[in-house]
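Chain by chain, the residues run as shown.
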Amino acid sequence: MRTMKRRSFLKTTASVAAASALPAVVRAEDEPAATVVVVHGKDIPKMLEAGIAKMGGWDKFVKSGAKVTLKPNVAWNSKPEEGGNTHPDLVRACVKAVEAKGASKISIPENTCHDENATFKTSGVEEALKGTKARLYRPAAGDYQKVDVPKGQICKSAEVPKDVLSCDCLINMPVAKHHSGATLTLSMKNWMGSVSNETRRAWHRDGLHQCIADFSTFIKPKLVIIDATRILLTKGPQGPGDLDHPDELILSTDPVAADAYAATLFKKEPFDIPHIKLAHEAGVGCGDLGKVKIERVEA
Amino acid sequence: MPMPMKKRTVVRIAFFALFSVLALCVLPEAVRGANRILPGLSPLLNLGGALGARRFIGLLWVPLLIVPLFKGRLFCWWVCPMGFAAETASRVSPSKLRLAKIPWVGKALALLIAASAGAGYPLLIWLDPLCIFNGFFAAWRQPVTWATATLSAGFFSILTLSLIIPNVWCHRLCPLGGLQEWLTHCARAFRGRGKGASAGDTASPCVNRRVFMGFAVSGAAGLAGSKTLGVRQTTVVRPPSAAETAFNALCSRCGNCMKACPYGLIVPDLGETGIDGLLTPVIKFRSKNPKQEKFCFQECTACTKVCPTGALHALSVEVKKSTPIGVAKIDKAKCIAWEKNEYCVVCQEYCPYQAVTEEERNGVQCPSIDESKCRGCGACESQCPALPIAVTITGDKAARNG
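Notes on the structure follow.

About the criteria used
Residues numbered from 1 in each chain as written. Chains lettered and ligands numbered in written order. Predicted model: local features only at pLDDT ≥ 70, side-chain atom pairs only at ≥ 80, totals over all residues. Heavy atoms only, no water. Contact = heavy atoms within 4.5 Å. Buried area = accessible area lost by both parts, 1.4 Å probe. Salt bridge = Lys/Arg side-chain N within 4 Å of Asp/Glu carboxyl O. Polar contact = N/O pair within 3.5 Å; in protein donor to acceptor, adjacent residues only side chain to side chain. Helix = DSSP H or I, 4+ residues; strand = E, 2+ residues; numbered from the N terminus. Nonpolar A, V, L, I, M, F, W, Y, C, P; charged D, E, K, R; others polar. 1 Å grid on protein atoms, 1.4 Å probe; cavity = no way out; pocket = protein on both sides within 12 Å on 5 of 7 lines; lining within 4 Å. Points joined across faces, edges and corners; volume = space filled by probe spheres on them. Patch = residues over 30% accessible without salt bridge, like charges linked within 9 Å, V, L, I, M, F, W, Y side chains within 5 Å. Areas by Shrake-Rupley, 256 points an atom, 1.4 Å probe, with all protein chains shown as cover. Buried < 20%, exposed > 50% of the residue type's maximum accessible area, 1.4 Å probe, protein only.

1. Observations regarding the interface of chain A and chain B
Inference 1: Of the residues lining the interface, 26 residues belong to chain A; the matching set on chain B comes to 28 residues.
Inference 2: When the buried area of chain A at its contact with chain B is split by residue, A:Arg201, A:His204 and A:Arg205 rank highest and sum to 30% of it.
Inference 3: Our count for the chain A to chain B interface comes out at 2 salt bridges.
Inference 4: Across the salt bridge formed by A:Arg201 and B:Glu293, the nearest N and O atoms sit 2.7 Å from each other.
Inference 5: Linking chain A to chain B there are 13 residue pairs in polar contact (both at pLDDT 80 or more).
Inference 6: Of all the elements in the fold, those that place two or more residues in the side of chain A that touches chain B are helix H4 (116-122), helix H7 (197-206) and helix H8 (208-216) of chain A.
Inference 7: It is H7(A) that provides the largest number of residues to the side of chain A that touches chain B, a total of 5 residues.
Inference 8: Among the residues forming the side of chain A that touches chain B, the class breakdown is 7 nonpolar, 12 polar and 7 charged.

2. Description of empty space enclosed by the protein
Inference 1: Enumeration over the complete set of coordinates arrives at 11 cavities of 30 Å³ or more.
Inference 2: By volume, the largest cavity is sized at about 220 Å³.
Inference 3: For the largest cavity, the lining is made up of 22 residues, of which A:Cys113, A:Lys189, A:Met192, A:Gly193 and B:Glu349 are closest to its centre.
Inference 4: Those elements that provide at least two residues to the lining of the largest cavity are strand E8 (175-179) and H7 of chain A together with helix H19 (346-350) of chain B.
Inference 5: Here the lining of the largest cavity is composed, by residue class, of 8 nonpolar, 7 polar and 7 charged.

3. Some points on the environment of B:Val267
Inference 1: Within the secondary structure, B:Val267 is located in strand E1 (residues 266-268).
Inference 2: Other than its neighbours up to four places away in sequence, B:Val267 contacts B:Arg141, B:Met258, B:Thr280, B:Pro281, B:Val282 and B:Lys284.

4. Here we look at the layout of surface pockets
Inference 1: The calculated volume of the largest pocket comes to roughly 1500 Å³.
Inference 2: In terms of lining, the largest pocket is formed by 50 residues, of which the most central are B:Pro262, B:Tyr263, B:Gly264, B:Gln292 and B:Lys294.
Inference 3: Put simply, the parts of the chain that give the lining of the largest pocket at least two residues each are H4 and H7 of chain A together with helix H9 (146-149), helix H16 (256-260) and E1 of chain B.
Inference 4: Here the lining of the largest pocket gets 5 residues from one element, more than from any other, and that element is H4(A).

5. Details of a nonpolar patch on the surface
Residues and elements named next belong to chain B.
Inference 1: Taken together, the side chains of Val92, Leu97, Leu163 and Ile164 make up a nonpolar region of the molecular surface, amounting to roughly 360 Å² of accessible area.
Inference 2: One can find Ile164 in helix H10 (residues 153-164).
Inference 3: Given a relative accessible area of 44%, Ile164 falls into the partly exposed group.

The structure is reproduced here in structure tokens:
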């Protein structure tokens, strides 16, 4: 009896120790905090296809009949090659792909900074969407809905386009670029192009980086695709300024990890961008690249 | 009436409808300039404006100087939409008041406008019926406010007058009618003299001493106006291409520019530019119009293309981009970056002309205006998050140059 007891005690102790040690081992080696897929190439549709395949295929994100909302950055009256907006080829490739998966509705609400007619035209996105069912529009006052941001520290509520709130699949597809106010604008900052002007102004007033991080605790895109085919290094967010050409698309389900990787293209430490650090601390995602698995794909 | 009533009514309704459509500014943008046609027909507006502004602005006014020589006031009785409205009101009016004792004010007005325009400062140009008609339609653009609605005041005044004293507008007050009366008289007198008419007929208005005096006094008034009111500076922001001098006189208050602006930035002034500037167009950005979140887009030239008088004149996009309408001023005490040391520079983000420069202070970029690049488009003001707004546009020329 005694030996049995001792043996069972030892067994139990050993298994508890093993059980507690095991996840640590797995997390460190097999299961990183986040995965970022980086596709390098020249042909944007091909790059997207390769990236999505690595992410597990469109089926993981879009079901037949789904309402899909895209958030590219189409804020400025600037040409595709100037890097002020998401590349129209990327928007088109994405729209075509979700259309092929049977999306019932594709919305692209964008609160442009410049005149929307000129912006949609100059950016090339209007042309890129011809022949697709996607609807690109600038939300009117009635297209917004005020929502609470429960985990927000400063930003407690925000006016967000209804199509962003009520869709089945939300895809954030910003362009990576320099930003005079926020240092860089990547995926989390991109939501400022979606919310109402009043919400935008409030964020600036109340503390820009904290508000960006706050909103990220609320908005949960299924997929983040950062356009880093060409990146604006100066004079952002509008440009024109100095450009670099990483020729990359950055895909992830974790916006913080995607932004952290994108920051390195600008030779910045991710945590030097305050909203990346704040979002990481708030548990939105993982901005510590040491814990992020980067999978590189050539296309 | 010399023609059968029914046919004339049909023609008048057709013209009324046509000009209403033009004035409503609902046509596609490529032919938007067509709403200059109606006010452009008036020599008082178009030729008067051209003389005042010393700018060539088309020849639409020519027919109305020639037709009266042969056909009298054909335009008034068949084409003029304002006249149709006034005539209709007169017809339904129960009033028994008669015109007999009322002097022909419009003829004096025509003289005044013509002579003062020649002197460079067209007085009372805005009494022209065609711009009054146009202004009525321009008043109903979105959003309708009391200020925009004031543009319709002239139209309603004429209808009211016509109800009180039937036919008083067309037969006694209208300056465009008055001008045509003069021309008709001149032609008749000329033809009469050819036929060896009596001395009584040659006392025609063409050579009449009163007319000469009228011209002289009006010309002097115009000259005085151009030297005093015309050169007065204001701090309001005018639409792009606005005449630097004599704007208040040149502007006919037709409302075309206000209607043309796709962003609703241009509104009628209600006192900021003086009594002589009442209802002239001014641009109000967000600090003066809290619901306004738009700015004067660098590639838009809509307002400049629809002015019948030359108060504004058509600009190409390239010229528009280099034409300042004002200049931005930053009040550092209100600025989020300067005062609160917060990340902002939204003004720099939005500026289409890269006219906002930054300097780093305590790790935060703080904005300043490069006045040589600033066009006063209001992009910065439209989105400045500070409360109250820290960056505003002034039309003050001294500030712009200084």
